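Each chain, letter by letter, is given below.
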Amino acid sequence: MTGSVHAALVPHAAAIASLHATGIQDAAGLLLAFPLLGAAILLLGGKRTNSWGHLVGVAMPVLAFAYGLAAFVQMLGYPAAQRSRELILYQFINVGRFQIPMGLRLDQLSICFVLLITGVGSLIHIFAVGYMSHDPERRRFFGYMNLFLAAMLLLVLANNYLGLYAGWEGVGLASYLLIGFWQYKPAAAVAAKKAFIANRVGDAGLSLAIMLMFAQFGSVTFTGVFGAVHSASHGIVLAIGLLLLLGACGKSAQVPLQSWLLDAMEGPTPVSALIHAATMVTAGVYLIVRSAPIFDLSPGARLAVAIVGAVTLLWGAIIGCAKDDVKKALAGSTMSQIGYMMLAAGLGPAGYVFAIAHLLAHGFFKAGLFLGAGSVKHEMNDEVDMRRFGGLAIAMPITFVTFTLAYLAIIGVPPFSGFFTKDPIIDAAFAHGGTSGALLGTAALLGAGITAFYMTRVMLMTFFGERRWDENVHPHEAPPIMTAPMIVLAIGSVGAGGFLILANRLLNFLGPVTGVPPVLRGIWTPVGGASLGLVVVGAAIAWVLYGRREVPVTAPAGNLVTVAARKDLYGDAINEGLLMRPGQWLTRLSVYFDNRGVDGLVNTVAAAFGGSSGRMRKVQTGFVRSYALSMLVGAVLLVGTFLLVRL
Amino acid sequence: MVSPAHFIALAVILFVIGAVGVLVRRNAIVVFMCVELMLNACNLAFVAFARMHGALDGQVIAFFVMVVAAAEVVVGLAILTAIFRARRSASVDDANLMKY
């Protein structure tokens, strides 16, 4: 049960075997148990729990958050080098030499995620009580949400890749169930399937990476893999890194597996806020940062991660510019922001901390934006087309203020969150050096400008300008149970970034796990100034296009880029052309070959036997005398043969 | 002097008559009688060879054949009677239902 320390053998800090968890942390299984219990009660309890089910659904994340806080406080009491603690829950797999104990690892990285998941998760659960109050299936909704939390916590807490994979699949399942929560809507059902299938592609990459680890190192625990990875060949490390990246691309909606996230907005808005903005889609970033010892050894894999991030951050931002559906515009933005995190994670130790800082800050402001969008949608009779909004600032003042704060945070206006967490990423990309550094930095810088453009566009179309509502819509402020979480998230949007980055708080805290950047720059850098300038330009262009002019209720034809962005930059078309059509041809070919080739051979043989026996049947005439004749002839032939042979 | 060859020749003649009778006659009774003729041709051959070799084996087998033939006739005639009752015909060509 006790973890052994062989720090002297392995150079990377993350590979140090953790100490055994004691005190409050010894009960870390509770973190999984609370939401799992909630899910069990709500999903197995059936209709009996309809009246009070949502209370259980809210209580469990809150309890888990309280426990996470206690464990965090205990962790702060330890010296920095001893903060990584492990505990074994039970023997997960016990087959001969193949031993995988199901253990949890509470360290600086996982506790960040635990607090984000349970904290933001609790707020979104509270919001959902109000948001889903008119839905007859509210209990089932909370059951799925609790299930998601349990799986997500397992994903970030497991001390081995197999446990991580179990959580990885669990959040995929919860995501599928929740995207398709309104399964009677064909669009929702299709979107759920699409998300599941796109995720399967990524999951295949992750599972292959785990198999490769086991084949190479004989272990799938973090300690075992990170301790042995130094002795592996470059090719193997690169392969594992790229396969992990494939897994991350699927879960985090990065190019080329990005297409599912926009459709995933068919789910209820709290789902979009919790799963498809704040937590689950950031699991890919967690995977990369957690696997830092692997990526540290493979510059090729790191570069691939950074390129994927840079491409996605522009891809998502461009899509976000053209969408009229407020949730889809925000989904494009999520994709883009996670692109930033991936880019940072791809920079190695120079960027890991900034990736996590941006991830945590993004958790607040993007959840805030989605809850704001949900609040608006709730009051606008489920209308999501921003061209039918306008002038909501007066009708919904609290939503307007919280949304604005989150907006200022995401575009990176000082002193809000995004300014502190996004600019270091852009700066670190430029500091990466060489052509790749310049290209990655330029992409990130451009992304900042585009972010300002599309977010300003969302703000202006939703809250300002003429009222373009339907006649029977009468929006007013949401009830307190919905506005309270939005206010808390808005406070986080304002302060989280500064709190984490200033005085190097997160850097010092996470340093033992992720490594410290070689060069530390100040808050005010030339790159930061350039980014701020681009933000102003982007916002100004948006104001010229959408603030000064009237917004037409029906979308104008638009130019070539707009049309492409409205169609998700042809992501679906590419998938269809590259994968679906050839796949269909392949199956058709296989079916043809099966029908004509395999079945044809078998059927021909069978038909030949059938036909010949049909003809031979005619010999059975039923006339006794012909049988007697054949017997006689046979006997004579036999006797004749014998005589001949004997002669 | 009557040699074994004479007996064998007679047995062959009787057997051929019987075989031809089984093949060409339609009346079931006659077919039966022809079968008996063939059996008895065989008996004659057995007895003749037994006599020639001075052993009793062939004679004993002749008795077995007679017993089997008697039993066969009992069963066969019973079937024949049943068929005749059912279809008013003793022709073997009329009883041809068991076919393709």
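Computed from a predicted model, the values in this text were never measured in an experiment.

*Asks:* What is the right way to look at the overall build of chain B in this model?
*Replies:* Counting its regular elements, chain B contains three helices and zero strands. Seen through its principal axes, chain B has C-alpha atoms that stretch 50 × 25 × 25 Å. Buried residues in chain B amount to 28% of all 100 residues. Partitioning the intrachain contacts of chain B with sequence separation of at least 6 by distance along the chain shows that 59% fall at a separation of at least 24. For chain B, the computed accessible surface area is about 6800 Å², with 75% contributed by carbon and sulfur atoms. Where the 7 positive side-chain charges of chain B centre and where its 5 negative ones centre are 10 Å apart.

*Asks:* It is not clear to me how the interface of chain B and chain A should be interpreted in this structure. Could you clarify?
*Replies:* As a measure of interface size, the accessible area lost when the parts come together is often cited. Counting from both sides, the interface comprises twelve residues of chain B and, opposite them, twelve residues of chain A. With both chains or domains summed, chain B and chain A bury close to 1100 Å², and 63% of this area falls on carbon and sulfur atoms. The three residues of chain B that bury the most area against chain A are Leu 23, Asp 93 and Tyr 100 of chain B, which together make up 55% of that side's buried surface. Viewed at the interface, chain A and chain B are joined by one salt bridge. The salt bridge partner of Asp 93 of chain B is Arg 625 of chain A, with a shortest N-O separation of 2.6 Å. The interface formed by chain B and chain A includes three residue pairs in polar contact (both at pLDDT 80 or more).

*Asks:* Please clarify how a nonpolar patch on the surface should be interpreted in this entry.
*Replies:* Taken together, the side chains of Phe 593, Val 598, Leu 601, Val 602, Val 605 and Phe 609 of chain A define a hydrophobic patch exposed on the protein surface, amounting to about 620 Å² of accessible area. Tracing the sequence through the fold places Phe 609 of chain A in helix H24 (residues 571-617).

*Asks:* Honestly, the sheet that holds strand S2 (residues 85-95) of chain A in this entry has me stumped. Any pointers?
*Replies:* Think of a sheet as strands paired side by side through backbone hydrogen bonds, with each pair either parallel or antiparallel. All names here are of chain A. The three strands are arranged S1-S2-S3 in an open sheet whose pairing can be described as mixed. In the strand order of this sheet, the two ends are held by strand S1 (19-20) and strand S3 (98-106), each with one partner. Sheet topology places S1 next to S2; two bridges connect them, and they run parallel. Pairing of Leu 19 across the sheet is with Arg 85, part of S2.

*Asks:* What should I look at first to understand helix H21 (residues 505-514) of chain A in this one?
*Replies:* Residues lying three or four places apart along an α-helix face the same way, a consequence of the helix completing one turn every 3.6 residues. Residue and element names in this part refer to chain A. Burial analysis of H21 places seven of its ten residues in the buried class, the great majority of the element. Every buried residue of H21 is accounted for by Leu 506, Leu 507, Phe 509, Leu 510, Gly 511, Val 513 and Thr 514. On its buried face, H21 sits against helix H2 (53-76), helix H3 (108-131), helix H11 (283-290), helix H15 (352-379) and helix H20 (480-501). Just downstream of H21, Gly 515 is the residue with a positive phi angle, here 85 degrees.

*Asks:* Even after reading the chapter, I still don't get the packing of aromatic side chains, so can you show me in this structure?
*Replies:* By convention here, two paired aromatic rings are described through the distance between centres and the angle between planes. Residues and elements named next belong to chain A. Per the counting criterion, the structure on display carries 18 aromatic pairs over all chains. Seen in terms of ring centroids, Phe 113 and Tyr 286 are 4.9 Å apart; in terms of plane orientation they differ by 75 degrees. Their pairing is edge-to-face. Taken together, the residues Phe 113 in helix H3 and Tyr 286 in helix H11 connect sequence positions 173 residues apart. Each of the two residues, Phe 113 as well as Tyr 286, counts as buried. Cation over ring: Arg 85 sits above Tyr 78, and NZ or CZ is 3.7 Å from the ring centre.

*Asks:* When you look at the side chain of Thr 312 of chain A in this model, what are you seeing that I'm missing?
*Replies:* Residues and elements named next belong to chain A. With respect to the helices and strands, Thr 312 occurs in helix H13 (residues 299-322). Residue Thr 312 is classed as buried on the basis of its relative accessible area, which comes to 0%. At 3.1 Å, the side chain of Thr 312 and the backbone nitrogen of Val 255 are in polar contact. Ignoring any residue separated from it by four or fewer positions in sequence, one finds Thr 312 in contact with Ala 253, Gln 254, Val 255, Met 335, Ser 336 and Gly 339.

*Asks:* When you look at the packing of helix H5 (residues 161-179) of chain A against helix H10 (residues 269-278) of chain A in this model, what are you seeing that I'm missing?
*Replies:* All names here are of chain A. For the pair H5 and H10, the least separation of the axes is 11 Å and the interaxial angle reads 155 degrees. Considering the angle they form, H5 stands roughly antiparallel to H10. For H5 against H10, the interelement crossing comes out left-handed. Facing Ser 175, Leu 178 and Ile 179 of H5, the residues of H10 in contact are Val 271, Ile 275 and His 276.

*Asks:* Looking at this model, I keep getting lost on the environment of Gly 53 of chain A. Mind explaining?
*Replies:* For Gly 53 of chain A, the position within the fold is in helix H2. When the C-alpha atoms of Gly 53 of chain A and Thr 451 of chain A are compared, they prove to be 39 Å apart, with 398 residues separating the residues in sequence.

*Asks:* Quick question: what am I supposed to make of the pairing of S2 of chain A here?
*Replies:* For a regular strand, the rule is simple: side chains alternate between the two faces of the sheet. All names here are of chain A. With nine bridges connecting them, S2 and S3 associate as antiparallel partners. The residue of S3 that forms the bridge with Gln 91 is Pro 101. The hairpin formed by S2 and S3 contains two residues between the paired strands, and Gly 96 there has a positive phi angle of roughly 55 degrees.

*Asks:* How should the pattern of salt bridges be read in this particular structure?
*Replies:* Once the charged atoms of two side chains with opposite charge are near each other, the side chains can pair. Residue and element names in this part refer to chain A. Taken as a whole and judged by the stated rule, the model has 15 salt bridges over all chains. Residue Arg 290 pairs with Asp 107 through a salt bridge whose shortest N-O separation is 2.8 Å. With a gap of 183 residues between them, Arg 290 in helix H11 and Asp 107 in the loop between S3 and H3 connect regions that are remote in the sequence. Across the pair, exposure class does not vary: Arg 290 and Asp 107 are buried alike. When salt bridges with common partners are traced through the structure, they connect Glu 169, Arg 200 and Asp 203 into a single cluster.

*Asks:* Please clarify how helix H1 (residues 29-45) of chain A should be interpreted in this entry.
*Replies:* Residues and elements named next belong to chain A. Along its 17 residues, H1 runs 23 Å from first to last C-alpha, staying within 8% of the 24 Å computed at 1.5 Å per residue. Burial in H1 covers these residues: Leu 31, Leu 32, Phe 34, Pro 35, Gly 38, Ala 39, Leu 42 and Gly 45. Phi for Gly 46, located one or two positions after H1, is positive at around 70 degrees.

*Asks:* Please explain the packing of helix H8 (residues 234-251) of chain A against H13 of chain A as it appears in this structure.
*Replies:* A pair of packed helices is captured by two measures, namely the crossing angle of their axes and the spacing between those axes. All names here are of chain A. It is at 8 Å that the axes of H8 and H13 come closest, and there the two elements cross at 20 degrees. The angle between the axes of H8 and H13 places the two elements in the roughly parallel class. As for the relative orientation of H8 and H13, their crossing is right-handed in sense. Residues Leu 238, Gly 241, Leu 242, Leu 245 and Cys 249 of H8 lie in contact with H13, whose contacting residues are Gly 300, Ala 301, Ala 304, Val 305 and Val 308. Looking at the contact of H8 with H13, its residues break down into eight nonpolar, two polar and no charged.

*Asks:* I would appreciate a short explanation of the nonpolar core in the present structure.
*Replies:* As a rule of thumb, soluble globular proteins bury nonpolar side chains together. If you look at the biggest cluster of nonpolar residues, it comprises 204 residues, and the most contacted ones within it are Tyr 161, Leu 244 and Ile 294 of chain A. At 16 residues, the largest contribution of residues to this core is made by H15 of chain A. What Ile 294 of chain A contacts, discounting residues up to four positions off in sequence, is Tyr 161, Met 213, Val 225, Phe 226, Val 229, Val 237, Ile 240, Gly 241 and Leu 244 of chain A. If you look at the next biggest cluster of nonpolar residues, it comprises seven residues, including Ala 19, Val 22, Val 30 and Val 31 of chain B.

Cut-off values and rules
- Residues numbered from 1 in each chain as written.
- Chains lettered and ligands numbered in written order.
- Predicted model: local features only at pLDDT ≥ 70, side-chain atom pairs only at ≥ 80, totals over all residues.
- Heavy atoms only, no water.
- Helix = DSSP H or I, 4+ residues; strand = E, 2+ residues; numbered from the N terminus.
- Buried < 20%, exposed > 50% of the residue type's maximum accessible area, 1.4 Å probe, protein only.
- Contact = heavy atoms within 4.5 Å.
- Areas by Shrake-Rupley, 256 points an atom, 1.4 Å probe, with all protein chains shown as cover.
- Lys, Arg positive; Asp, Glu negative; His and termini not counted.
- Charge placed at Lys NZ, Arg CZ, Asp CG, Glu CD.
- Buried area = accessible area lost by both parts, 1.4 Å probe.
- Salt bridge = Lys/Arg side-chain N within 4 Å of Asp/Glu carboxyl O.
- Polar contact = N/O pair within 3.5 Å; in protein donor to acceptor, adjacent residues only side chain to side chain.
- Patch = residues over 30% accessible without salt bridge, like charges linked within 9 Å, V, L, I, M, F, W, Y side chains within 5 Å.
- Pairing = 2+ DSSP bridges.
- Phe/Tyr/Trp six-rings, centres within 6.5 Å; stacked < 30°, edge-to-face > 60°.
- Lys NZ or Arg CZ within 6 Å of the ring centre and 35° of its normal.
- Axes fitted to C-alpha atoms, helices over the stretch in contact; angles between N-to-C directions.
- Parallel < 35°, antiparallel > 145°, perpendicular 65-115°, else oblique.
- Left-handed = near helix turned anticlockwise from the far one by under 90°.
- Expected span 1.5 Å × (residues − 1).
- Nonpolar A, V, L, I, M, F, W, Y, C, P; charged D, E, K, R; others polar.
- Core = buried A, V, L, I, M, F, W, Y, C linked by side-chain atoms within 4.5 Å.

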